[in-house]
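Chains, contacts and geometry: an overview
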Amino acid sequence: MAYVAVKGGERAITNAHRWLAEDRRGDVAIPEIETDQIREQLSLSVDRVMSEGSCYDRDLAALAVKQAGGDLPEAIFLMRAYRTTLPRFGASLPVETGQMAVRRRISAAFKDIPGGQVLGPTFDYTHRLLDFTLAANGETPLEGALEAEEPQAYPMATIASVFAHEDLLEPDARTEDAPAPFDLTREPMAFPAGRDQRLQALARGDEGFLLSLAYSSQRGWGSTHPLCAEIRLGEVAVEFVPDELGFAIEIGDLTLTECQMISTYGGGIDTAPQFTRGYGLTFGHCERKAMSMAIVDRALRDAAAGEASAPCQDEEFVLYHSDNVEASGFVQHLKLPHYVDFQADLQLIRRQRREYAERAAAMKEAAE
Amino acid sequence: MVVKPVVEAAQERRRWLSILAKAQPGEVLSAWEDLEARPEYRALRSPEIGMVLVRGRMGGTGDAFNLGEMTVTRAAVRLDSGETGIGYAAGRDRKHAEIAAAVDAMMQSADLRPAVEGAVIAKLARTQDERRSTSARKAAATKVDFFTMVRTRSPG
């Protein structure tokens, strides 16, 4: 028995897509939204799409949001598909987040962090009451941001540098002649995963999935009891070495969000008690994601230490399921025709029911 | 010695290429079009859109990991007077990369440099400084002033 090709549906599909385009446009009496408006006024949607789409380009992300009708995972899928069409010139030098032109930098752990607590543009401390003035047609923002006389000085000290002299925070490993980091876009997932592979996967990972994992870890599914040592948001220059030059030039500024989570570690025979760290870094302003990423990164370090017991500490569970393009592809492929599978299931279940009925009849006969 | 040491020349070139890359496409275009004279050039590499893989550091200061990609456009031109220039800029604006390459070539020519040093490079740098300074002032305005209730004893 061979496959029975099922053809047809072409006209139905074309018409369905035309209807989708009409729905996306909505009521034509309402002006069409432009990608510039999305880029400027829905910037946090744009940031999420760049971050999980793993491609920094605000205009493309805005276009993806528009084309997807505001469905962010769909927009992320569009970004991922687009990036496969472009050649790669090479890899940048690692961005130095310590040099960031900070717009926001807070430490929830250390009140007196040098440079101070800079709130920046944040939803924190808003009352979460709907603001109906935004719904009033033509109403524009009330007042611009206030500017202090003295600009914030950069670079700002990082939490790690503040306590470095006491060795209280676990230092970051810097290897001489380190090999090129693992690249998930060129190599398949491998286990046990190095931290480079893990951080790349988490950076591309679904915000909702990582948020829930981080939450589960806080509630006791895993041993992490983190404190938020530092969050920073701002602009960082990207340096790249063009072959034709042989020295590094800056090719642009990226907006990045970084989060450092710390949790206490009681030490061992050879190691003094210390704060260990989890790290989160995202494109754009994605604070919830950066925090979740840092907590999950820290939790997964337990797996490396052989202490895993909870889902968030299981690297195969986390890394195999964190990508929303893969996840939604596999879940949503169930919408595609499975006519043959169903036929096979039907035959099987009919036979089983027949056998069951025969057994039942035989039992009844024996009982009489 | 009259010839600048290689390292210093590279430092200088790095500086102006960075300024050109970090400018907004519209700013580069308008500075270019405001020039009194623009030299003839031909493309060594037509503007090409691609990606650069952006790396971060594990924990902020550790070994590298791959964060994600960014779109980048690059171009290379040769002036009729012989100088070659390259342009790299984040994003997908072909004109931006091409003008950056032309300005880079002009900056390497003793004759052409004065025309663009102030009108393009210094102008773009000023705009970037202002943008950064505005942002830093806004940030400073959101800095928390902690105050502590001090219990005072009345004199006497």
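Residues numbered from 1 in each chain as written. Chains lettered and ligands numbered in written order. Predicted model: local features only at pLDDT ≥ 70, side-chain atom pairs only at ≥ 80, totals over all residues.

Topic: the overall build of chain B
For clarity, the threshold we go by: Think of it this way: any DSSP run of H or I at least four residues long counts as a helix, any run of E at least two long counts as a strand, and we number them from the N terminus. A pair of residues counts as a contact when their C-beta atoms, built from backbone coordinates, are within 7 Å of each other.
Check the secondary structure of chain B and you find 4 helices and 3 strands. Each helix and strand of chain B, ordered N terminal to C terminal, gives the series α-α-β-β-β-α-α. Counting contacts in chain B only where the partners sit at least 6 residues apart, residues at least 24 apart contribute 51% of the total.

Things to note about the sheet that holds strand E5 (residues 249–265) of chain A
Residues and elements named next belong to chain A. Note the threshold: Any two strands with at least two DSSP-identified bridges between them are counted as paired. Fitted lines through C-alpha atoms give the axes, limited to the stretch in contact for helices. The angle between two N-to-C directions lies from 0 to 180 degrees.
Pairing is antiparallel across the open sheet formed by 4 strands, whose spatial order is E3-E4-E5-E6. What marks the edges here is a single partner per strand, and that holds for strand E3 (101–106) and strand E6 (274–283). Across the sheet, the mean angle from the axis of one strand to that of its neighbour is 20°, orientation sign disregarded.

Some details on the packing of helix H3 (residues 43–53) of chain A against helix H4 (residues 58–67) of chain A
Residues and elements named next belong to chain A. How we decide: Every angle not falling under 35 degrees, over 145, or within 65 to 115 is termed oblique; those three ranges are roughly parallel, roughly antiparallel and roughly perpendicular. Each residue is assigned to one class: nonpolar for Ala, Val, Leu, Ile, Met, Phe, Trp, Tyr, Cys and Pro, charged for Asp, Glu, Lys and Arg, and polar for all the others, Gly among them.
Packing of H3 against H4 leaves a shortest axis separation of 9 Å and a crossing angle of 105°. In terms of orientation, H3 and H4 fall into the roughly perpendicular class. Judged by residue contacts, Ser45, Val46, Val49, Met50 and Gly53 of H3 engage Arg58, Ala61, Ala62, Ala64 and Val65 from H4. Here the residues of the contact of H3 with H4 are counted per class, giving 7 nonpolar, 2 polar and 1 charged.

Focus: the interface of chain A and chain B
Contact residues are listed per partner, giving 67 residues for chain A and 51 residues for chain B. Here the side of chain A that touches chain B takes 8 residues from E5(A), the largest share from any one element. Within the side of chain A that touches chain B, the residues separate by chemical class into 35 nonpolar, 14 polar and 18 charged. Relative to strand E1 (residues 41–57) of chain B, strand E2 (residues 88–94) of chain A is paired through 4 bridges, and the arrangement is parallel. In the strand pairing of E1(B), Pro94(A) is matched with Arg55(B).

Observations concerning the pairing of strand E3 (residues 84–90) of chain B
A regular strand places its side chains so that they alternate between the two faces of the sheet. All names here are of chain B. To be explicit about the condition: Labels follow a simple rule on C-beta atoms placed from the backbone: if 20 or more others lie within 10 Å of a residue's own, it is buried; if 12 or fewer, it is exposed; otherwise it is partly exposed.
For E3, a buried count of 6 out of 7 residues is recorded, marking the element as mostly surrounded by other parts of the structure. Note that strand E2 (residues 64–79) and E3 share 7 bridges and pair antiparallel. In the strand pairing of E3, Val72 is matched with Ala90. Connecting E2 to the antiparallel partner E3 that follows it, the hairpin turn spans 4 residues, and Gly82 within it adopts a positive phi of roughly 110°.

Some details on the confidence of the model for chain B
Formally: Values of pLDDT, ranging from 0 to 100, describe the predictor's confidence in every residue of the model.
For chain B, mean pLDDT is 93; residues scoring 70 or higher make up 92% of the total. Scored by ipTM, the complex comes to 0.92, with pTM at 0.92.

Some details on helix H4 (residues 113–141) of chain B
Since one α-helical turn is 3.6 residues long, residues separated by three or four positions face the same way. For clarity, the cut-off: What a helix is expected to span follows from its residue count: subtract one and scale by 1.5 Å. Bend angle per residue: angle between axes fitted to the 7 residues ending at that residue and the 7 residues starting there.
For H4(B), built from 29 residues, the straight-helix expectation of 42 Å at 1.5 Å per residue is met to within 8% by its first-to-last C-alpha distance of 40 Å. At Ala122(B), H4(B) shows its maximal bend, which comes to roughly 30°. Among the residues of H4(B), those classed as buried are Val116(B), Val120(B), Ile121(B), Leu124(B), Ser135(B), Ala136(B), Lys138(B) and Ala139(B). Buried residues along H4(B) sit in contact with E3 of chain A together with helix H1 (6–22), helix H2 (25–33) and helix H3 (94–107) of chain B.

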